[in-house]
Amino acid sequence: MQSLIPHVRAFPARIDARADERESFGRLARGQSPEALFITCSDSRVVPSVFTGARPGQLFELRTAGNAVPPYGGASAPSGEAATIEYAVGVLQVPEIVVCGHSHCGAVGARVRGDDLAAVPAVGGWLAAQLPEPAELAADDDERHQADVAAAVQRHVRAQLARLRAYPCVAQREAAGELRLRGWFYAIDTGLVLEHQPHADAFLPL
């Protein structure tokens with residue numbers, strides 16, 4: 001954090017020096033009305049505000065290993081992820097949800113390759129529980145050797161969208177035409193964003 005701390009220390013002064021920034025952050029202190037719930041990977045290379053240009057207050061973010069969405073369990077199987085989704089959809093009434101996978105994903109790559117994760121049992125358990133079976137992620141043996149397993153990540157994104165639709169709050173608002181779900185794929189090396197187009201069942205440039 002040493003390279004970041006000077007920015008943290010100077011941040012309040014920068015806000016105070018600009019009237020528009022003071023007003024903007026003042027509004028945020030009074031409440032939030034984000035434009036979307038943005039579900040993406042915990043990977044440090046994936047920073048939604050960088051490639052979307054989002055300002056504070058525009059995105060309600062949920063970050064998990066492999067941008068995984070746990071199955072809905074209700075009160076009998078609560079999770080931080082489910083609570084975040086329910087709050088965004090049911091309380092904040094976000095109009096859109098984006099599930100964003102990315103190239104060079106370590107989580108999906110480990111699952112496709114069948115990496116030995118015995119040294120990190122929590123990671124192994126999470127991936128086994130939340131990501132599709134390796135055979136569902138990988139279409140053929142050649143894909144198992146791709147560095148970025150892009151096609152596998154895109155199939156994984158589609159699987160997470162299906163999981164989201166099993167959440168009652170999501171299903172109700174989508175059926176009412178009040179909520180739109182999007183599947184994105186972000187290429188770390190180029191910055192290109194692809195979006196899943198249901199009519200073609202393909203990820204195409206946004």
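Each remark here, short or long, concerns the structure printed above.
Numbers given for residues are sequential positions, taken from 1 along each chain in its written order. Under the rules for a predicted model, residues below a pLDDT of 70 receive no local features and side-chain atom pairs below 80 are neither given nor counted, while totals for whole chains, interfaces and linings still include all residues. Computation of side-chain values covers all heavy atoms of the structure but excludes hydrogens and water.

Colleague: How should I be thinking about the packing of aromatic side chains in this particular structure?
Modeller: Two descriptors summarise a pair of aromatic rings, namely the distance from one centre to the other and the angle between the planes of the rings. Centres within 6.5 Å make a pair out of two Phe, Tyr or Trp rings, where for Trp the six-membered ring is used; the pair is then stacked when the planes are under 30 degrees apart, edge-to-face when over 60, and tilted otherwise. Inspection of every chain in the model, using the stated rule, returns 6 aromatic pairs. Relative to tyrosine 87, the ring of phenylalanine 60 lies with its centre 6.1 Å away and its plane at 35°, an arrangement referred to as tilted. Of this pair, phenylalanine 60 sits in strand β2 (residues 59–64) while tyrosine 87 is found in helix α4 (residues 80–91), placing the two residues 27 residues apart along the sequence. The cut-offs for exposure are 20% and 50% of the maximum accessible area for each residue type, with area from a 1.4 Å probe on protein chains only; residues under the lower value are buried, those over the upper are exposed, and the others partly exposed. Classification of phenylalanine 60 as buried rests on a relative accessible area of 17%. Strands are runs of DSSP state E lasting at least 2 residues, helices are runs of H or I lasting at least 4, and numbering of each runs from the N terminus.

Colleague: I tried to follow the packing of α4 against helix α9 (residues 168–175) on my own but got confused; where do I start?
Modeller: How two helices sit against one another is set out by the angle between their axes and by the gap between those axes. For every element, the axis is a line fit to its C-alpha atoms; helices are fit only across the contacting stretch, and the angle between N-to-C directions ranges from 0 to 180 degrees. In contact at an axis separation of 9 Å, α4 and α9 are set at 30° when each is read in the N-to-C sense. On the basis of their axis angle, the class for α4 and α9 is roughly parallel. Of the two elements, α4 crosses α9, and the hand of that crossing is left-handed. When α4 is examined against α9, the residues Ile85, Glu86 and Val89 are found in contact with a partner set consisting of Cys169, Val170 and Arg173. A breakdown of the residues in the contact of α4 with α9 according to their chemical character gives 4 nonpolar, no polar and 2 charged. An angle below 35 degrees is treated as roughly parallel, one above 145 as roughly antiparallel, one from 65 to 115 as roughly perpendicular, and anything else as oblique. If you view the pair so one helix is near and one far, a crossing is left-handed when the near helix is turned anticlockwise from the far one by less than a right angle, and right-handed when it is turned clockwise. Contacts between residues were defined by any pair of non-hydrogen atoms, one from each residue, lying within 4.5 Å. Gly counts as polar in this scheme, as do all residues outside two lists: the nonpolar Ala, Val, Leu, Ile, Met, Phe, Trp, Tyr, Cys and Pro, and the charged Asp, Glu, Lys and Arg.

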